[in-house]
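The residues making up each chain are set out below.
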Amino acid sequence: MPTDREPSVTAKLLQLLLLSTYWGMQIWFTLISSFVMDNHLNRHTYGFIQSRLVPFYLHLGSACAFFNLTVFAVYHPRDMLDEREAFQIFIFFVCVTVAAINAQWFGQMTSEIMADMHLIEQACGLGQDIGLSSNREAYAKLCETDFKYSHLSGRLWLYRLLSSLCNLCCIACNAYSLYYMAENLVTL
């Protein structure tokens with residue numbers, strides 16, 4: 001069903017809506033809400049909210065990335081692509097792939113590990129302190145004395161790092177896509 005005709009206003013609007021929705025979610029979730037919640041909620045409340053929001057955010061982001069690729073590809077047949085359009089499709093494909101990996105694996109593993117850690121922390125009377133950086137000594141001591149907690153802590157760090165890298169990759173892909181879209185606007 002690829003077409004070489006000019007996309008309809010509806011298709012352009014859908015493309016813009018999907019891209020701006022994903023971009024807005026990324027900026028809000030990554031830069032704003034995390035910092036606000038970190039400074040105002042206790043560790044377990046913060047973790048509970050994150051465990052509910054992160055999967056939703058990651059799956060909705062994956063869907064936006066997939067539909068962005070689909071809409072763009074429908075109106076840009078492979079045999080008619082110029083170099084910039086081919087690169088844009090590549091960027092959308094990278095975003096879809098990375099977002100899907102993050103949603104299906106890294107985000108899920110992070111939530112599961114956090115839930116296991118919260119149970120251990122609660123048993124030790126921890127988790128009610130405000131901010132993730134407060135009471136570090138107690139958490140460090142728990143890591144030293146509880147092998148399971150220490151192992152979970154290391155795995156959580158790794159999965160958060162991988163998830164963050166995936167998220168940053170998708171932010172970069174969407175920033176480029178916004179730039180590409182702005183560059184191709186005829187007028188405001």
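Is there a simple way to think about the layout of surface pockets in this case?
Summary: where empty space remains is shown by rolling a probe the size of a single water molecule over the atoms. Size it by volume and the second largest pocket reaches roughly 870 Å³. Along the walls of the second largest pocket sit 31 residues, with Glu6, Pro7, Lys12, Met181 and Asn184 positioned nearest its centre. Within the residue set of the lining of the second largest pocket, elements represented by two or more residues are helix 1 (9–40), helix 2 (43–74), helix 3 (83–123) and helix 5 (147–183). The dominant element in the lining of the second largest pocket, judged by the number of residues it contributes, is helix 1, at seven residues.

Just checking my understanding: could you explain the packing of helix 1 against helix 5 for this structure?
Two quantities define a packed helix pair, namely the angle between the axes and the distance from one axis to the other. Look at helix 1 against helix 5: their axes get within 10 Å of each other, and the N-to-C directions meet at 140°. By the angle class used here, helix 1 and helix 5 are oblique. Helix 5 is crossed by helix 1, and the crossing has left-handed handedness. For the pair helix 1 and helix 5, the contacting residues are Gln15, Leu16, Leu19, Tyr22, Trp23, Gln26 and Thr30 in the first and Asn167, Cys170, Ile171, Asn174, Ala175, Ser177, Leu178 and Met181 in the second.

Just checking my understanding: could you explain the pattern of salt bridges for this structure?
Taken as a whole, this structure holds two salt bridges when the rule is applied. Among the ionic pairs, Glu121 bridges to Arg43, the shortest N-O distance being 3.6 Å. Pair noted here: Glu121 is in helix 3 and Arg43 is in helix 2, with a separation of 78 residues, a long-range link. Classification of Glu121 as buried rests on a relative accessible area of 2%. Residues Arg84 and Glu183 are paired through a salt bridge, measuring 2.4 Å at the closest nitrogen-oxygen approach. One end of the pair, Arg84, is in helix 3; the other, Glu183, is in helix 5, and 99 residues separate them in sequence.

What am I meant to see in helix 1 here?
At 3.6 residues per turn, the α-helix brings residues three or four places apart onto the same side. Spanning 32 residues, helix 1 covers 43 Å between terminal C-alpha atoms, matching the ideal 46 Å at 1.5 Å per step. The secondary structure elements touched by the buried residues of helix 1 are helix 2, helix 3 and helix 5.

Looking at this structure, how should I read the packing of aromatic side chains?
Each pair of aromatic rings is reported with the distance of its centres and the angle of its planes. Going through the model one piece at a time under the given rule, you end up with ten aromatic pairs. On the numbers, 5.3 Å between centres and 70° between planes, the contact of Phe66 with Phe67 is edge-to-face. Residue class for Phe66 comes out partly exposed when judged on its relative accessible area of 41%. Ring pairs connect the aromatic residues Phe87, Phe90, Tyr176 and Tyr179, which therefore count as one cluster.

Reading guide: rules and limits
- Residues numbered from 1 in each chain as written.
- Predicted model: local features only at pLDDT ≥ 70, side-chain atom pairs only at ≥ 80, totals over all residues.
- Heavy atoms only, no water.
- 1 Å grid on protein atoms, 1.4 Å probe; cavity = no way out; pocket = protein on both sides within 12 Å on 5 of 7 lines; lining within 4 Å.
- Points joined across faces, edges and corners; volume = space filled by probe spheres on them.
- Helix = DSSP H or I, 4+ residues; strand = E, 2+ residues; numbered from the N terminus.
- Axes fitted to C-alpha atoms, helices over the stretch in contact; angles between N-to-C directions.
- Parallel < 35°, antiparallel > 145°, perpendicular 65-115°, else oblique.
- Left-handed = near helix turned anticlockwise from the far one by under 90°.
- Contact = heavy atoms within 4.5 Å.
- Salt bridge = Lys/Arg side-chain N within 4 Å of Asp/Glu carboxyl O.
- Buried < 20%, exposed > 50% of the residue type's maximum accessible area, 1.4 Å probe, protein only.
- Expected span 1.5 Å × (residues − 1).
- Phe/Tyr/Trp six-rings, centres within 6.5 Å; stacked < 30°, edge-to-face > 60°.

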